Amino acid sequence: MATRRKNRNQQTLILLVIGAGLVLVAVAALLALPKAQEQVAAQDISAIPAAVNFPAPDVQLTNLDGQPVALSDFYGNVILYNAWATWCPPCKAEMPTLQAYYEEYKENGFVIVAIEDGQPVDEVRAFVDEYNLTFPVWPDPEWKATTAFRTENLPTSFVIDRDGTVRLTWTGAISRAMLEQYVTPLLKQ
């Protein structure tokens, strides 16, 4: 009987050690998960654009300095019109990616026109300063661009070719890889 009890105690101890080991492995996996998720940065996640083909509406607004501006002012360039908002987390996440791509390709006839969807001018200006944006940013407090392009979600981007035709549209944040894959070839045309 003592031998049986000793065997049971040994089995129980072995099961406890195995169970504790499994718990430690699970805890380690849970602790590693946030780090793995951090490695997949927001700029690496992207929607895939849809090919479209329609004339770009000639949206006319006022820039942050109060000057009249229009999308047609940039025809002859490849334009990425980015519809966004200061309060939108994926919009904020993609801004550094858009800024870096713009800096690299602006000399190749590329421009980003970021049209903010509905916030006051002072809030838009503060955002531009905070994110050090150097591409044109226009406030759209009356949603003229949103209406003209029939934008329903933010961020949404449209790529307009040098002739003023909308060629691509994205709903969601854009990654650098998607910009390189889909926009860079248009710059070579």
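This text goes with the structure placed above it.
Here's what I pulled together on the structure shown here. Since the model is a prediction, treat every value here as computed from it, not as a measurement.

**Notes on the sheet that holds strand β5 (residues 110–116)**
Strands pair in a sheet through their backbones, by hydrogen bonds, and they do so in one of two ways: parallel or antiparallel.
Move 1: One open sheet accounts for six strands, arranged β1-β8-β7-β4-β5-β6; its pairing is mixed. Here the strands that pair on one side only, and so sit at the sheet edges, are β1 (50–55) and β6 (137–139). Each neighbouring strand pair of the sheet contributes to a mean axis angle of 25°, computed without reference to strand direction.
Move 2: Bridge analysis of β1 against strand β8 (residues 165–171) gives four bridges, and the strand direction is antiparallel. Paired with A51 across the two strands is L168, which belongs to β8.
Move 3: Taken strand by strand, helix α3 (residues 121–131) contacts β4 (78–84), β5 and β6, and its axis lies near 160° from that of β6.
Move 4: Strands in contact with helix α5 (residues 176–187) are β4, β5, β7 (156–160) and β8; relative to β8, the strand with the most contacts, it is inclined by about 175°.

**Looking at the packing of aromatic side chains**
Move 1: Taken as a whole, this structure holds 10 aromatic pairs when the rule is applied.
Move 2: Ring centres of Y101 and Y105 lie 4.5 Å apart, and the angle between their planes is 35°; on these two criteria the pair is classed as tilted. Of this pair, Y101 and Y105 both sit in helix α2 (residues 89–105), separated by four residues, roughly a single helical turn.
Move 3: Put simply, the rings of Y81, F149 and F158 touch in pairs and so form one group of aromatic residues.

**A look at the nonpolar core**
Move 1: Among the nonpolar cores identified, the biggest contains 47 residues, and F110, F135, V137 and F149 are the most heavily contacted of them.
Move 2: What F149 contacts, discounting residues up to four positions off in sequence, is A56, P57, V59, L71, Y81, F158, I160 and V166.

**Topic: the environment of V121**
Move 1: Along the chain, V121 falls in helix α3.
Move 2: Through-space distance from the C-alpha of V121 to that of L64 is 6.6 Å; in sequence the pair is 57 residues apart.

Conventions and cut-offs
- Residues numbered from 1 in each chain as written.
- Predicted model: local features only at pLDDT ≥ 70, side-chain atom pairs only at ≥ 80, totals over all residues.
- Heavy atoms only, no water.
- Pairing = 2+ DSSP bridges.
- Helix = DSSP H or I, 4+ residues; strand = E, 2+ residues; numbered from the N terminus.
- Axes fitted to C-alpha atoms, helices over the stretch in contact; angles between N-to-C directions.
- Contact = heavy atoms within 4.5 Å.
- Phe/Tyr/Trp six-rings, centres within 6.5 Å; stacked < 30°, edge-to-face > 60°.
- Core = buried A, V, L, I, M, F, W, Y, C linked by side-chain atoms within 4.5 Å.
- Buried < 20%, exposed > 50% of the residue type's maximum accessible area, 1.4 Å probe, protein only.

Keep in mind these numbers describe shape, not what the thing actually does.
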